[in-house]
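Report on the structure
What follows is the residue order along each chain.
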Amino acid sequence: MDWNAAGAVKFDVLILDVMLPGKSGFDVCRDLRQQGVDTPILMLTARGQLTDKVVGLKLGADDYLTKPFEPLELLARIEAPSAPPEIRGFHGTHSQAFSFWIGGG
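Throughout what follows, the structure given in this document is the object of discussion.

About the criteria used
Residues numbered from 1 in each chain as written. Predicted model: local features only at pLDDT ≥ 70, side-chain atom pairs only at ≥ 80, totals over all residues. Heavy atoms only, no water. Helix = DSSP H or I, 4+ residues; strand = E, 2+ residues; numbered from the N terminus. Buried < 20%, exposed > 50% of the residue type's maximum accessible area, 1.4 Å probe, protein only. Contact = heavy atoms within 4.5 Å. Areas by Shrake-Rupley, 256 points an atom, 1.4 Å probe, with all protein chains shown as cover. Pairing = 2+ DSSP bridges. Axes fitted to C-alpha atoms, helices over the stretch in contact; angles between N-to-C directions. Core = buried A, V, L, I, M, F, W, Y, C linked by side-chain atoms within 4.5 Å.

The helix and strand tally for the protein stands at five helices and three strands. Traced from its N-terminal end to its C-terminal end, the protein shows the element sequence α-β-α-β-α-β-α-α. Within the protein, the fraction of its 105 residues that count as buried is 32%. The contacts in the protein between residues at least 6 apart in sequence include a share of 51% that link residues at least 24 apart. In the structure as shown, the protein presents an accessible area of about 6,400 Å², 56% of it carried by carbon and sulfur atoms.

Below, the structure written as structure tokens:
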């Protein structure tokens, strides 16, 4: 799986699961930050232990949401006033197009 594409394409936000095939979301997050990728990263995962949350945030994630989750909460976190300005740029515009990149192994 080539995670470099996530750094080569400009996304509004990257949503990573910790338990990805081939490489953990923690590793992907760390690697992207080390490459200088400043796209906001939200970890969305079933791993909800405090240590997992702290590790994700210390590795460069901007937010951490555990499963199960409500889609409205995910949207609220992305649109929140405390969210990075790059994300908030589409706040309230439901016609905005979203692009998704899903890596498969």
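What follows covers the sheet that holds strand 2 (residues 41–45). Whenever strands of a sheet pair, they do so through backbone hydrogen bonds, lying parallel or antiparallel. Taken in spatial order, the three strands of this open sheet run 1-2-3, and their pairing is parallel. A single partner strand is all that each edge strand has here, and the edge strands are strand 1 (14–16) and strand 3 (63–66). Averaged over neighbouring strand pairs, the angle between their axes works out to 25° when direction is ignored. Here strand 1 pairs with strand 2 via three bridges, running parallel. The residue bridging Ile 15 from the neighbouring strand is Leu 42, located in strand 2. Each of strand 1, strand 2 and strand 3 is contacted by helix 2 (residues 25–34), which is oriented at about 175° to strand 2, the strand it contacts most. Contacts from helix 4 (residues 71–79) reach strand 1, strand 2 and strand 3 within the one sheet, and its direction differs from that of strand 3 by about 175°.

Let us look at the nonpolar core. One finds Leu 16, Cys 29, Leu 32, Ile 41 and Met 43 to be the most contacted residues of the largest nonpolar core, which totals 13 residues. Listed by contribution, the elements that provide at least two residues to this core are strand 1, helix 2 and strand 2. Ranked by residues supplied to this core, first place goes to helix 2 with four residues. Excluding its chain neighbours within four sequence positions, the residues that come into contact with Cys 29 are Leu 16, Ile 41, Met 43, Gly 56, Leu 59, Gly 60 and Ala 61. Ranked by size, the runner-up nonpolar core spans six residues in total, among them Val 13, Leu 42, Leu 74 and Ile 78.

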